[in-house]
Amino acid sequence: MADERSTTFQAGQTGLVVKVPEAEPAVRAWRERLDPSAWAGVPAHVTVIFPFLDESRLGAPVHSALAGVLGSHEAFDLRFERSGRLPEALYLVPEPDTPVKRLTAAIVARWPEAPPYGGRFAEVVPHLTVAQNQADEVLEKVEADFAGRLPFTARVSSVELMVYDGAKFQERASFALRGR
């Protein structure tokens, strides 16, 4: 029998995320119950790109290129005032989302072989996932619970490189944005 917390992540998968520790008080308990990325060790975050390059490709040249690409972008603030839904997820909406979209576009321009979500979606919607694959009644309960803890603002001054080791995601590097 499969563990209900098993994930579809594969050892060696990587991703680039902006951590949002300010979200933890509002969503941590729900994410720990209802979000596979939380089960896999990823803190509250907004994804810049996932999956990125396989871990086997992450040598010094890639790290240097990431530092250059990401370091050319200004640090920014995100405000979280409301939730949104995708077909399989309940999430917090980061506003404005343009800075995250710019980071994603810059990574894709440099590494076109690593499209966001493997190219599965025509449009990428920046989001902070709270719950995935749940019934509407569950999502309504979750939304009602965290709504009273909004809004909050988060300062984004870096992008983290996360690597899945087969059990958990581990932070391997942090790349500063300008103005940190």
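Residues numbered from 1 in each chain as written. Predicted model: local features only at pLDDT ≥ 70, side-chain atom pairs only at ≥ 80, totals over all residues. Heavy atoms only, no water.

Enquirer: Could you give an account of the nonpolar core, with specific residues and numbers?
Expert: A general trend in soluble globular proteins is that nonpolar side chains are found buried together. Among the nonpolar cores identified, the biggest contains 48 residues, and F52 and I107 are the most heavily contacted of them. Residue contributions to this core peak at five residues, all from helix α3 (residues 60-71). Ignoring any residue separated from it by four or fewer positions in sequence, one finds F52 in contact with T14, G15, L16, L58, V62, L66, I107, W111, A114 and L161. Among the nonpolar cores identified, the runner-up in size contains eight residues, and A40, F50, M162 and Y164 belong to it. (Core = buried A, V, L, I, M, F, W, Y, C linked by side-chain atoms within 4.5 Å. Buried < 20%, exposed > 50% of the residue type's maximum accessible area, 1.4 Å probe, protein only. Helix = DSSP H or I, 4+ residues; strand = E, 2+ residues; numbered from the N terminus. Contact = heavy atoms within 4.5 Å.)

Enquirer: Talk me through the pattern of salt bridges; I want residue IDs and the actual numbers.
Expert: Tallied over the entire structure, the rule returns 13 salt bridges. E81 is the salt-bridge partner of R79, the closest N and O atoms lying 2.6 Å from each other. Between K101 and D97 there is a salt bridge whose closest N-O contact spans 3.6 Å. According to the relative accessible area criterion, D97 is partly exposed, its value standing at 23%. Linked through salt bridges whose partners overlap, the residues forming this network are R85, D136 and E143. (Salt bridge = Lys/Arg side-chain N within 4 Å of Asp/Glu carboxyl O.)

Enquirer: Can you break down the packing of aromatic side chains residue by residue, with the values?
Expert: A complete count under the given rule lists eight aromatic pairs for this structure. Ring geometry for F9 versus F50: centroids 5.8 Å apart, planes at 90 degrees, classification edge-to-face. Of the two residues, F9 sits in the segment before β1 (14-19) while F50 sits in the loop between β2 (45-49) and α3, which places them 41 residues apart along the sequence. Pair check on accessibility: F9 and F50 agree, each one buried. Relative to Y164, the ring of F9 lies with its centre 5.6 Å away and its plane at 50 degrees, an arrangement referred to as tilted. Taken as a pair, F9 in the segment before β1 and Y164 in strand β7 (residues 158-164) lie far apart in primary sequence, 155 residues in all. Residues F9 and Y164 agree in their burial class; the two are buried. Members of the aromatic cluster, joined through ring pairs, are F9, F50, Y164 and F169. Here the guanidinium or amino end of R110 rests over the ring plane of W111, the centre of that ring lying 4.6 Å away. (Phe/Tyr/Trp six-rings, centres within 6.5 Å; stacked < 30°, edge-to-face > 60°. Lys NZ or Arg CZ within 6 Å of the ring centre and 35° of its normal.)

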